[in-house]
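Tertiary structure, described
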There are 2 protein chains.
Amino acid sequence: MPAQHLFKALADPTRREILRLLRDGSLPAGDIAEHFPITRASLSHHFNLLKQAELVRTERRGQHIVYSLNTSVLEDAAGLLMELLRPKSTETTDES
Amino acid sequence: MPAQHLFKALADPTRREILRLLRDGSLPAGDIAEHFPITRASLSHHFNLLKQAELVRTERRGQHIVYSLNTSVLEDAAGLLMELLRPKSTETTDES
DNA sequence: AAGATAATTAGATAAATATCTAAATACAAG
DNA sequence: CTTGTATTTAGATATTTATCTAATTATCTT
């Protein structure tokens, strides 16, 4: 699991807001776009990074592309942070 | 709590490695520097971002400056990720 | 006080990133 | 099969960021 992609993806406020929107259910790209003042092309760029980090999944439904949250990867991210807290033992060697 | 500073700070592999080093106890800047192939000036830049995010604390001890982990902020970060998972209710409105 | 050591700040630069406009692709429907 | 709608990709640009060298600040030691 590339922690680098994961944390990079989480570093941008727009992307975190996208994840927050998806928390309540899947949404087509267009619906997501309505929540942001940037172009759809820019949003698409953010979608790419979120997909690269596997934080979201996509499914084509007709002419729409529906995005949904990959909760397990979010759990992984939280877990990586928790690992930083105590157990030197529970170390899963990880190339940043 | 500026989530932005927090996630930005976590986005860099060098900074995450610094946190990992501090997990096992406080360390002076010089000791930390020995683990990295970059200059102390560059490390200092990373320290600044970690401090800005309040992920680390500093204490001067003689000519050394000792860094230590602020575990509660790491817990906060993990918590912010967990919030993205389910409860729309437990929402603490947050300017990214 | 002077010199040595530890760390930071200042200023510069190269690489990465967020954004835009314009063009391309994919599907749906007349 | 052409037109319209949804989304992505290509290419360009401005900003941010990680890094460096050189200079500065702070403390210790003699």
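These numbers come from a predicted model, not from an experiment. (Residues numbered from 1 in each chain as written. Chains lettered and ligands numbered in written order. Predicted model: local features only at pLDDT ≥ 70, side-chain atom pairs only at ≥ 80, totals over all residues. Heavy atoms only, no water.)

With an RMSD of 0.0 Å, the operation that places chain B on chain A is a rotation of 180° combined with a shift of 0.0 Å along the axis. Such a combination of turn and shift is consistent with a two-fold rotation axis. Residue Ala 78 of chain B of chain B places its C-alpha closer to the rotation axis than any other residue of that unit, at 2.3 Å. A share of 100% of the interface residues of chain B reappears at the interface of chain A, consistent with the copies meeting face to face through the same patch. (Least-squares fit on C-alpha atoms with pLDDT ≥ 70 in both. Contact = heavy atoms within 4.5 Å.)

Every contact between the two is made by 29 residues of chain B and, on the other side, 29 residues of chain A. On the chain B side of the contact with chain A, Arg 16, Arg 23 and Leu 84 of chain B bury the most area, a combined 27% of that side's loss. Along the contact surface separating chain B from chain A lie 0 salt bridges. For the pair chain B and chain A, the interface holds 8 residue pairs in polar contact (both at pLDDT 80 or more). Within the residue set of the side of chain B that touches chain A, elements represented by two or more residues are helix H1 (3–10), helix H2 (13–22) and helix H5 (71–83) of chain B. With 8 residues, H5 of chain B is the largest single contributor of residues to the side of chain B that touches chain A. Its residues placed into classes, the side of chain B that touches chain A shows 15 nonpolar, 3 polar and 11 charged. (Buried area = accessible area lost by both parts, 1.4 Å probe. Salt bridge = Lys/Arg side-chain N within 4 Å of Asp/Glu carboxyl O. Polar contact = N/O pair within 3.5 Å; in protein donor to acceptor, adjacent residues only side chain to side chain. Helix = DSSP H or I, 4+ residues; strand = E, 2+ residues; numbered from the N terminus. Nonpolar A, V, L, I, M, F, W, Y, C, P; charged D, E, K, R; others polar.)

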